[in-house]
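Spelled out, the chains give:
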Amino acid sequence: MGFVLLVMLAAAYGIYYATAQLSMIDMAQDTVENSINCKTAYIIREERVFEAPYSGSVYHSVSDGERVSKDSLISTVFSGKISSDKLKELRTIDRKIQSLKSSEFGLAYVFYDSDTESAVNEIISEIPALGEKNEVSRIAGAREDLNAIRSGVSSSPSDRLDSLLEQKQIIQDSISAQRMDIITDISGVFTTYADGMESALIPEDIPSYGASYISSLKPAAAVRLSRSEAEAGGAVCKVMNNHLWYVIMNVPLSRMDGRKVGDDVWLRFNSMAGEKIGAQIYYIGEPENDIVPVTVRCGQYLEGAFAYRSADVDLIFESYSGCRVPIQAIRSDNNGNKYVLGMIGTREYICYCTVLYSDIDRNIAIIESTQTAQNKIQSMERIVTGER
């Protein structure tokens, strides 16, 4: 009698197990971040501002936003007023020099045989792509190549460059006014704009910047330093170090619990289309009214960062990407290994997993398949969250 009852109970449980309503969710990938938003963070970088030794005309040898190397010529200041025609001649020559140095062609076609047709076709075939990129100077260089080929002139790139430099020197020598060449002593990004905060935020002074000082800063729009004229002692241009720069922000003290200098973090620049870069915590200042200034160091070039002084950023401490499930969907086998039940159609699969992140208050977990899992979570259609 007892055996019959046991069989009946087992059968009843089997029927229940087979017919029990399952709770399921669609398999979905998600990313959860431990981050804090700072609406007004400030970018700090090594900046070298160059001044005019006397009043007069200014000529910039490079363009705004162009990267320059250490010990290179960036600008020239002439005493007195120089005719716009002379400055225009210089600008034309410099554009040709730039075109020569950067051209895909390099103005380097040297022809010692009669196969000029293929060379012409090669140059012409590259021009549409340059047009799409609006590479005007390089198109001009290609045109000069074509003219040189058609005229039968043959010269090496170094000869062409020497010729252009000689022409530039002749133009400069024809200007009788005193002149001073500005040579940058750092490499970086050249600009003729300044925002007045070049001396207010200096990398060497980061340890002295408190939370109240950061709050007191008033960012201003960048203004043009000079176009073609300058006053004695006035700023004419600057170069910004693009290899190493910093971002400083005020953060609630509670959010820095357990954080230390050297920790790897990420910065997302919301004011720069969500650009995200890796960084390191560089300095943590003293707290003031439960607010602490935090500086992170960035060693990656980010073009937009050199057009702004302040930015809306997310400071991201950790980021977890994987399958998002309710905590109760995670199960354990007899050995303590974690798994979830996945579904494809009506078939059920055991998917062993690693829990990357969990939040009891929000009842969520981010998981990923173990390396040895036979059934991968990302291959499932749905995840069982209840019953079985």
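That block above? That's the structure.
We now turn to the structure provided with this report. (Residues numbered from 1 in each chain as written. Predicted model: local features only at pLDDT ≥ 70, side-chain atom pairs only at ≥ 80, totals over all residues. Heavy atoms only, no water.)

### Side note on the sheet that holds strand 3 (residues 56-60)
Under the convention used in this document: Two strands form a pair only when DSSP identifies at least two bridges running between them. For the purposes of this entry, the term helix denotes a DSSP run of H or I that reaches at least four residues, the term strand denotes a run of E that reaches at least two, and both are numbered from the N terminus.
Spatially, 4 strands are ordered 6-5-3-10 in an open sheet, and the strand pairing comes out antiparallel. For this open sheet the edge positions go to strand 6 (179-183) and strand 10 (229-230), each flanked by a neighbour on one side alone. As judged from the 5 bridges shared by strand 3 and strand 5 (residues 73-79), these two strands associate in the antiparallel manner. Following the sheet pairing, Val-58 is matched in strand 5 by Val-77.

### Focus: unusual backbone geometry
Where the residue is not glycine, phi is negative for most of them; where a peptide bond is considered, it is trans in most cases. Backbone geometry at Asp-71 places phi at a positive 70°, although glycine is not the residue there. Relative to the elements of secondary structure, Asp-71 occurs in the loop between strand 4 (67-68) and strand 5. Although it is not a glycine, Asp-290 adopts a positive phi angle of roughly 65°. Locating Asp-290 in the fold gives a position in the loop between strand 13 (275-284) and strand 14 (291-298).

### Concerning the nonpolar core
Our working rule: We call a set of buried Ala, Val, Leu, Ile, Met, Phe, Trp, Tyr and Cys residues a nonpolar core when their side-chain atoms join them within 4.5 Å. Each residue gets one of three labels from its accessible area relative to the maximum for its type: buried under 20%, exposed over 50%, partly exposed in between, using a 1.4 Å probe on protein chains only. Contacts are assigned to residue pairs that have any heavy atoms within 4.5 Å of one another.
Membership of the largest hydrophobic core comes to 29 residues, with the highest contact counts inside it found for Trp-245, Val-247, Met-249, Leu-267, Phe-269, Val-296 and Leu-315. Secondary-structure elements contributing two or more residues to this core are strand 2 (29-51), strand 11 (235-252), strand 12 (264-269), strand 13, strand 14 and strand 15 (310-325). The leading source of residues in this core is strand 11, at 5 residues. When neighbours within four sequence positions are excluded, Phe-269 is seen to be in contact with Ile-43, Trp-245, Val-247, Gly-274, Glu-275, Ile-277, Leu-302, Ala-311, Asp-312 and Val-313.

### With respect to the pairing of strand 11
Most of strand 11 sits inside the fold, with 14 of its 18 residues counted as buried. Across 9 bridges, strand 2 lies against strand 11 in antiparallel orientation. Following the sheet pairing, Glu-47 is matched in strand 11 by Met-240. Alignment of strand 7 (residues 188-191) against strand 11, held across 3 bridges, turns out to be antiparallel. Residue Phe-190 lies in a different strand from strand 11, and its bridge partner there is Val-239. Of the strand pairs in this sheet, strand 11 and strand 14 are connected by 8 bridges, and their pairing is antiparallel. Directly across from Asn-250, in strand 14, lies its bridge partner Pro-293.

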